[in-house]
Amino acid sequence: MDSWDDASPGYALIDYIERDPSDPALVDHFDPRVLSAKVTASKYSEDSPNYKQAMRGPFQQEWRRAMEVELDTLIELKAWDLVPQTPDMKILPSTWAFRLKRRPDLEPKKFKARFCARGDCQVEGIDVFETWAPVAQWSTVRAVMILAAKLKLVSAQCDITAAFLHAHLPPEEVVYVHKPPGFVRDPNLVLRLNRCLYGLRQAPKHFFEYLVACLERQGLKQSDFDPCLFLSKEYMGVLYVDDVLIYGCSDASIDELIERLRREEILLRREGTAEGYLGVHIERDGNRTTLTQPGLTKKVIEALGLCSKYSTALATLAEKAPLPRDVRGVRYDGPISYASVVGMLLYLTGHSRPDCAFAVHQCARYTFEPKHSHIAALKRIGRYLKGTADKGLIMDPSPGLGIDCYPDADFAGLWGYEDPQDEHCACSRTGYVITLAGCPVVWRSSL
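Residues numbered from 1 in each chain as written. Predicted model: local features only at pLDDT ≥ 70, side-chain atom pairs only at ≥ 80, totals over all residues. Heavy atoms only, no water.

Let us look at the overall build of the protein chain. When helices and strands are tallied, the protein chain shows 10 helices and 18 strands. Expressed as a percentage of its 447 residues, the buried residues of the protein chain come to 44%. When contacts within the protein chain are restricted to residue pairs at least 6 apart in sequence, long-range pairs at least 24 apart make up 75% of them. (Helix = DSSP H or I, 4+ residues; strand = E, 2+ residues; numbered from the N terminus. Buried < 20%, exposed > 50% of the residue type's maximum accessible area, 1.4 Å probe, protein only. Contact = heavy atoms within 4.5 Å.)

As a packed pair, helix 7 (residues 294-303) and helix 8 (residues 338-351) sit with axes 10 Å apart at the nearest point and diverge in direction by 155°. Classified by the angle between their axes, helix 7 and helix 8 sit roughly antiparallel to one another. The handedness of the crossing between helix 7 and helix 8 comes out as left-handed. Facing helix 7, whose interface residues are L296, T297, K299, V300 and A303, helix 8 presents V341, M344, L345, Y347 and L348. Counted by class, the contact of helix 7 with helix 8 contains eight nonpolar, one polar and one charged residues. (Axes fitted to C-alpha atoms, helices over the stretch in contact; angles between N-to-C directions. Parallel < 35°, antiparallel > 145°, perpendicular 65-115°, else oblique. Left-handed = near helix turned anticlockwise from the far one by under 90°. Nonpolar A, V, L, I, M, F, W, Y, C, P; charged D, E, K, R; others polar.)

The next thing to look at is the sheet that holds strand 11 (residues 243-248). With antiparallel pairing, six strands are arranged side by side in an open sheet as 8-9-10-11-5-12. Of all strands in the sheet, those bounded by a partner on one side alone are strand 8 (221-222) and strand 12 (268-270). Where strand 9 (residues 229-231) meets strand 10 (residues 235-240), three bridges bridge the pair, whose relative direction is antiparallel. For F230, the partnering residue across the bridge sits in strand 10 and is G237. (Pairing = 2+ DSSP bridges.)

Further remarks concern the confidence of the model for the protein chain. In the predicted model, the protein chain carries a mean pLDDT of 84, and the fraction of residues at 70 or more is 89%. Averaged pLDDT values for the elements of the protein chain fall to 44 in helix 1 (residues 32-43) and rise to 97 in strand 9. A low-confidence stretch, residues 1-44 (pLDDT under 50), is modelled with 60 contacts involving residues beyond four sequence positions or located in other chains. (pLDDT = per-residue confidence, 0-100.)

Glancing now at the layout of surface pockets. It is the rolling of a water-molecule-sized probe over the atoms that shows where space remains empty. In this model, the largest pocket occupies a volume close to 1,400 Å³. Sort the elements by how many residues they give to the lining of the largest pocket and strand 3 (residues 94-102) lands first, with six residues. Looking at the lining of the largest pocket residue by residue, the class counts come to 16 nonpolar, 11 polar and 17 charged. (1 Å grid on protein atoms, 1.4 Å probe; cavity = no way out; pocket = protein on both sides within 12 Å on 5 of 7 lines; lining within 4 Å. Points joined across faces, edges and corners; volume = space filled by probe spheres on them.)

Right, let's get into empty space enclosed by the protein. As enumerated under the stated definition, the model contains two cavities of 30 Å³ or more in all. Within this model, the largest cavity holds a volume of roughly 110 Å³. Along the wall of the largest cavity there are 15 residues; nearest its centre are L215, L239, V244, I246 and L261. Among the elements of the structure, helix 5 (203-217), strand 10, strand 11 and helix 6 (251-263) are those that each provide at least two residues to the lining of the largest cavity. Of the residues forming the lining of the largest cavity, the biggest block, four residues, is contributed by strand 10. A breakdown of the residues in the lining of the largest cavity according to their chemical character gives 14 nonpolar, one polar and no charged.

Set out below in structure tokens:
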């Protein structure tokens, strides 16, 4: 096992003195767009602070413990060899990435620290080649939940500790990385990676290939329709990077599968049932499954400044009329981060609130140049969410397993709302809902 030369059992944490982009004394003046991005980043950094913010914030002890756990895991896995630095080495910078995972009610769930390589410094064709890796579609997750309800299967949510590090780097990929920021080390030594460190551009691909091979050895076959869906006679499994959702006939059978995967040297930890999977609150009552996202809904309302008791909640959504570009309107330059709110709303509508899909997509068209009319439409969606914060997607499957599609489209629906000379006014909007056993699985509203 590699050892750190001067690391005592608690590790020798030091104050990282390198200048970081959030340091207010770093620049006196800069491009206003960069300064605006900096202000936005600092405003929403509580769940993903940089190193200095983590070490000086209210959860510094939790972050320190998370860093120690990360380094213990890396050393145990023999993720690297310490080698002398030579002038001809291409050495990647390293950094820490922190993430506070929260429950659907926004209470802290887990503090995660990742020692990462700066993959943005890799050069394609020299130290990185193939990089693509899939993640599960939420239509697949919903379909699996519907089948599980009909078959009365039980669920287990699992997390893979140090996921990418399970995969070894191929011999032809030689990668050197600087030592962890915040830890005192011999400056003449660097890390030669044996495993895929977080941050490497090729790490997701190598990890996914490793995990597919392990699951297939346990009898779970990869689906032809979604590469992150795995099926066998006893189990259904869904992969979303390092978050695994398993359905089986009983808790005992799921525990047996988890134990078999652990014997494959996968650091798999069971975290309860499907409730809270990827930030979505999942409540199952018999055959009926309800998906809600109260935490994200609350964040949207707060981001729009609608959290006070004086902000009116609405029981109806935005008007059915199209939302035009408003070419002559005044551009919005206020405190609300339009793009951030739209991003949260897209995640919300794609998982548990299809009722907002039409309105949200109309607002999403103007993310890069919103007008005051667009921010007003966004606030109307926020007031609707405030009035229906406890609502979500209900899946109560019918006796059969029929697949039905309900499409619709207008004809040049923007005509009369846009400039007649603008080609956009001739665009038609298409919408559809595809159901499985009477439950919505896929939906879309777009031009």
